[in-house]
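Structural description and commentary
So the chains spell out like this:
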Amino acid sequence: MGFDYAPAPESASIVDIAPSYGLYIAGEMVDPVDGTRFKTVNPATEEVLSEVAAAGPEDVDRAVAAARAAYDGTWSRLPARARGKYLYRLARILQERSRELAVLESIDNGKPIRESRDVDLPLVAAHFFYYAGWADKLDHAGFGPDPRPLGVAAQVIPWNFPLLMLAWKIAPALACGNTVVLKPAETTPLTALAFADICRQADLPPGVVNIVTGAGDTGRALVEHPGVDKVAFTGSTEVGRQIARSVAGSRKKVTLELGGKAANIVFDDAPLDQAVEGIVNGIFFNQGHVCCAGSRLLVQESIVDDLLDHLKRRLGTLRLGDPLDKNTDIGAINSPEQLARIRELSSVGEAEGAERWSPPCDLPDRGYWFPPTLFTGVSQAHRIAREEIFGPVLSVLTFRTPAEALEKANNTPYGLSAGVWTEKGSRILWMAQRLRAGVVWANTFNRFDPASPFGGYKESGYGREGGRHGLEAYLDV
Amino acid sequence: MSDDGRVAVRKTYKLYVGGAFPRSESGRTYEVFSAHGGFLANAALASRKDARDAVVEARKAVPGWSGASAYNRGQVLYRVAEMLEGRRAQFVAEVADAEGLKPRPAGEVVDAAIDRWVWYAGWSDKIHQVRGSSNPVAGPYFDFSVPEPTGVVAVVAPPDSSLLGLVSVVAPIIVTGNTAVVVASEERPLPAITLAEVLATSDLPGGVVNLLTGRAAEIAPWLASHMDVNAIDLAGVTDEELATELEAAAAENLKRVVRPPAAPPDWAPDPGLDRMLAFLETKTVWHPVGI
């Protein structure tokens with residue numbers, strides 16, 4: 001028996017997208033001086049949403065100078081309590097405008113409204129709210145008395161959680177007393193530009209937050225600018241490496257949150273239905289555009305058939321389509337480039353001998369789409385088991401013993417996250433101790449909270465975001 | 001020949017790798033002189049191969065050392081301090097030669113080094129509570145964060161402070177469960193080799209500390225670019241250009257890097273937690289709460 005769903009679209013009338021945007025520097029929206037312009041599109045329709053500035057070196061220079069002036073002139077002189085109050089204001093305005101921002105995020109990014117509304121936006125506001133409270137309590141954070149801010153922070157964020165990554169970067173930076181220049185991803189600049197308007201509404205002193213849009217060149221100019229004291233980057237391991245190289249010999253403090261290839265490990269005693277939900281959430285949440293996605297499913301051999309039956313049945317119920325439809329589970333792939341990469345690695349998976357499966361799934365005619373896909377018969381040598389696909393593609397491997405599961409899980413240069421499913425408490429803790437990953441989800445997956453430190457081991461980067469630990473990235477300690 | 005006509009038995013100074021004292025596989029040595037220019041000994045001039053062997057041994061030692069209980073690591077490190085104290089006279093003589101100090105100030109340096117070691121030993125079962133946390137997440141989950149060792153850490157020891165500086169960079173690496181590949185002070189390596197002899201007789205498992213003598217400029221680039229090294233401490237790199245090269249090479253596998261100090265450091269004051277924290281990862285574990 002099948003259910004028919006009537007369309008249930010969220011109205012887009014709540015958002016007002018300008019035909020073009022400038023750069024947000026020193027509290028003003030300004031035209032680029034030496035930059036160019038590029039278009040941002042709705043990945044679900046390929047419709048052009050707006051024209052955005054690609055900041056040039058001179059623009060970046062102005063933004064850094066504005067941040068420095070604000071740091072020296074106002075922000076570092078404000079009482080900590082006042083900084084906190086500004087952050088509380090930002091948190092409240094984000095809550096007030098959360099529906100508008102959720103719709104805008106779904107339009108620009110392609111993610112389902114159910115996720116932008118129920119996950120991204122609540123976490124964005126919570127993150128500001130959490131760090132607002134830290135602003136006047138830094139003496140008690142365990143970094144000694146009166147820990148000092150670093151100065152100007154250069155922050156470069158990815159397109160998978162545009163506003164959430166902005167919150168992860170800006171909230172702790174401001175709470176610790178830094179000023180920032182943030183570059184949103186090329187394909188998802190609109191919510192960051194909306195955040196500029198929120199800074200205006202909050203009467204945030206000019207220059208404390210500056211937003212420069214653009215692509216890799218803009219990001220490079222920002223990160224390599226001699227006037228910045230801190231670099232925070234979330235994105236690919238390859239770009240993270242370049243940044244680590246480029247800051248060598250400088251005094252810039254760096255935190256990097258990079259790629260992952262997480263193992264989601266299911267033991268034979270795991271509650272099957274819960275595990276299947278966790279697997280689906282682990283890899284199909286946000287179209288798999290998640291650095292900590294559970295992209296390698298490790299299943300104990302004795303239950304693999306049963307589990308795959310359940311999993312395939314569940315994948316058959318996922319609804320792919322209009323991101324603004326409230327019933328949609330899987331939205332659009334963010335960009336044609338990303339779609340091409342997912343297609344390429346999936347073809348490699350087939351060519352290398354893994355078996356590909358997707359549920360029957362109609363893809364819309366326009367926009368960038370990829371059906372939920374799983375590969376069975378995957379070996380550790382296959383590229384789909386080693387490389388980050390960053391899409392709705394799950395590689396299934398098997399194991400017999402806990403030691404083998406651990407060996408396979410840790411057999412990767414990445415170390416961002418891992419999942420363990422078992423009813424046996426001692427086994428959870430045994431695995432959690434030995435998994436070389438910054439976040440271990442046991443009998444759950446893809447949970448995030450502003451109070452919970454997040455970040456990687458090995459080539460997944462260094463530094464932590466969230467919690468008390470997240471303050472360290474923005475203090476001179 | 002001493003005053004009574006007896007010919008002294010001199011010590012051969014070698015590398016310390018995997019709990020053994022090999023010569024350099026290259027067969028090379030170099031002359032070590034006292035601060036006043038007198039010949040002291042021939043030290044092994046370690047090669048790329050020696051560095052790579054040391055990394056292999058350091059990696060092998062990671063599971064056992066990081067898996068030992070914090071209490072046990074504290075006991076072993078305290079035992080090291082006992083052995084240091086027992087060899088105090090030898091260290092005073094070597095530090096005096098190496099650093100050109102009179103016996104009394106040399107003694108003070110050795111005392112400070114022993115006390116530094118004891119201070120770090122005590123951290124083994126305390127850093128978790130200072131650094132870890134339980135996290136009040138907005139949902140029915142038990143969520144906690146714990147510090148864990150980064151893995152294999154390479155360190156270029158300070159060039160001037162041959163014992164106190166050395167102890168101040170090695171102890172914070174290993175106390176939390178990391179293993180170390182140490183490049184000793186090029187011109188003042190003898191106290192480091194004697195420290196290795198102390199480590200070898202202190203229940204410290206072989207491979208937890210591996211010590212190379214030779215030219216930092218020759219050995220350190222191999223360690224900085226080695227894909228099985230997880231972090232590098234450039235404490236003793238005084239050449240800015242070399243430091244930049246090493247940091248850039250370390251980016252290849254995103255090693256954690258501690259940059260050289262901006263000014264020549266004074267190793268005497270309380271060091272704080274920085275050097276321990278630099279080589280700790282934070283792991284956060286979530287589990288649902290329910291019935």
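Note that the structure is predicted; figures quoted are calculated from it, not measured.

Cut-offs applied
- Residues numbered from 1 in each chain as written.
- Chains lettered and ligands numbered in written order.
- Predicted model: local features only at pLDDT ≥ 70, side-chain atom pairs only at ≥ 80, totals over all residues.
- Helix = DSSP H or I, 4+ residues; strand = E, 2+ residues; numbered from the N terminus.
- Rg over C-alpha atoms; globule rule 2.2 N^0.38 Å.
- Contact = placed C-beta atoms within 7 Å.
- Core = buried A, V, L, I, M, F, W, Y, C linked by C-beta atoms within 7 Å.
- Buried ≥ 20, exposed ≤ 12 C-beta atoms within 10 Å, placed from the backbone.
- Domains from an automatic or database assignment.
- Nonpolar A, V, L, I, M, F, W, Y, C, P; charged D, E, K, R; others polar.
- Pairing = 2+ DSSP bridges.
- Right-handed = clockwise from strand over helix to strand, strands pointing away.
- Axes fitted to C-alpha atoms, helices over the stretch in contact; angles between N-to-C directions.

1. Some details on the overall build of chain B
Summing up its helical and strand segments, chain B has 10 helices and 10 strands in all. Its C-alpha atoms give chain B a radius of gyration of 20 Å, near enough to 19 Å, the size a compact globule of 291 residues would have. Within chain B, counting contacts between residues at least 6 apart in sequence, those at least 24 apart form 74% of the total.

2. Considerations on the overall build of chain A
Within chain A, the secondary structure is distributed over 14 helices and 17 strands. Compactness check: chain A gives a C-alpha radius of gyration of 22 Å against a globular reference of 23 Å for 477 residues, within 12% of the reference. A principal-axis box enclosing the C-alpha atoms of chain A has dimensions of 65 × 50 × 35 Å. Residue pairs in contact within chain A that sit at least 24 positions apart in sequence constitute 72% of those at least 6 positions apart.

3. A few points about the nonpolar core
Ranked by internal contacts, the top residues of the largest apolar core, which has 193 residues, are Leu87(A), Trp117(B), Val155(B), Val170(B), Val182(B) and Leu212(B). By residue number, the principal contributor to this core is helix H5 (residues 162-175) of chain A, which donates 11 residues. Residues in contact with Leu212(B), not counting those within four places in the same chain, are Leu15(B), Ala46(B), Asp50(B), Ala51(B), Ala54(B), Val181(B), Val182(B), Val183(B), Ala184(B) and Ile219(B).

4. Looking at the domain arrangement of chain A
Residue and element names in this part refer to chain A. By domain assignment, chain A separates into domain 1 (12-258 + 457-474) and domain 2 (263-442). The distance between the C-alpha centroids of domain 1 and domain 2 comes to 30 Å. Going through the elements one at a time, helix H3 (98-109) and helix H4 (113-134) are the ones with two or more residues in the side of domain 1 that touches domain 2. The residue makeup of the side of domain 1 that touches domain 2, split by class, is 8 nonpolar, 7 polar and 7 charged.

5. Re the environment of Pro323(A)
All names here are of chain A. Relative to the assigned elements, Pro 323 resides in the loop between helix H10 (304-315) and helix H11 (336-351). A tally of 29 C-beta atoms within 10 Å means that Pro 323 is categorised as buried. Each C-alpha atom of the pair Pro 323 and Glu 10 lies 9.1 Å from the other, and the pair is 313 residues apart in sequence. Ignoring any residue separated from it by four or fewer positions in sequence, one finds Pro 323 in contact with Ala 44, Ser 106, Gly 110, Lys 111, Pro 112, Ile 113, Thr 328, Gly 331 and Ala 332.

6. Things to note about the pairing of strand S6 (residues 179-183) of chain A
Strand residues, when the strand is regular, have side chains that alternate between the two faces of the sheet. Residues and elements named next belong to chain A. Burial of S6 is extensive: 5 of the 5 residues sit out of reach of the surface. Of the two faces of S6, the one lined by Thr 179, Val 181 and Lys 183 and the one lined by Val 180 and Leu 182 are each fully buried. One ladder, built from 5 bridges, connects strand S5 (residues 152-156) with S6; its direction is parallel. Residue Gln 155 lies in a different strand from S6, and its bridge partner there is Leu 182. Taking the sense of rotation as the criterion, the β-α-β connection linking S5, H5 and S6 turns out right-handed. Pairing analysis gives 3 bridges linking S6 to strand S7 (residues 209-211), with the strands arranged parallel.

7. With respect to the sheet that holds strand S5 (residues 152-156) of chain B
All names here are of chain B. With respect to topology, 5 strands assemble into an open sheet ordered S7-S6-S5-S8-S9, the strand pairing being parallel. With one partner strand each, in any of the chains shown, strand S7 (209-212) and strand S9 (256-258) form the two edges of the open sheet. The average angle at which neighbouring strand axes cross in this sheet is 15°, direction not considered. Here helix H1 (residues 48-67) sits on the sheet and contacts S5, strand S6 (179-183) and S7; the angle it forms with S6, its principal contact strand, is near 155°.

8. A short note on the sheet that holds strand S14 (residues 393-399) of chain A
Strand order in this open sheet of 10 strands is S12(A)-S13(A)-S14(A)-S11(A)-S10(A)-S15(A)-S16(A)-S10(B)-S4(B)-S3(B), and the pairing throughout is mixed. Looking at the sheet topology across the chains shown, the edges are occupied by strand S12 (355-357) of chain A together with strand S3 (133-134) of chain B. Bridge count between strand S10 (residues 263-266) of chain A and strand S15 (residues 417-421) of chain A: 4 bridges; the pairing is parallel. What sits directly across from Ile265(A), in S15(A), is Val420(A). Together, S12, strand S13 (373-376) and S14 of chain A form the strand contacts of H11(A), whose direction differs from that of S12(A) by roughly 135°.

9. Focus on the interface of chain B and chain A
With 27 residues of chain B at the interface, the matching set in chain A holds 34 residues. When residues in the side of chain B that touches chain A are grouped by element, the largest group, 8 residues, is from strand S10 (residues 280-288) of chain B. Class assignment for the residues of the side of chain B that touches chain A results in 12 nonpolar, 8 polar and 7 charged.

10. Notes on unusual backbone geometry
With a phi close to 45°, Lys458(A) is a non-glycine residue in the positive phi region. By the secondary structure assignment, Lys458(A) is in the loop between strand S16 (439-442) and strand S17 (461-462). Phi at Leu254(B) takes a positive value of approximately 55°, unusual for a residue other than glycine. According to the C-beta neighbour criterion, Leu254(B) is buried, with 24 such atoms within 10 Å.

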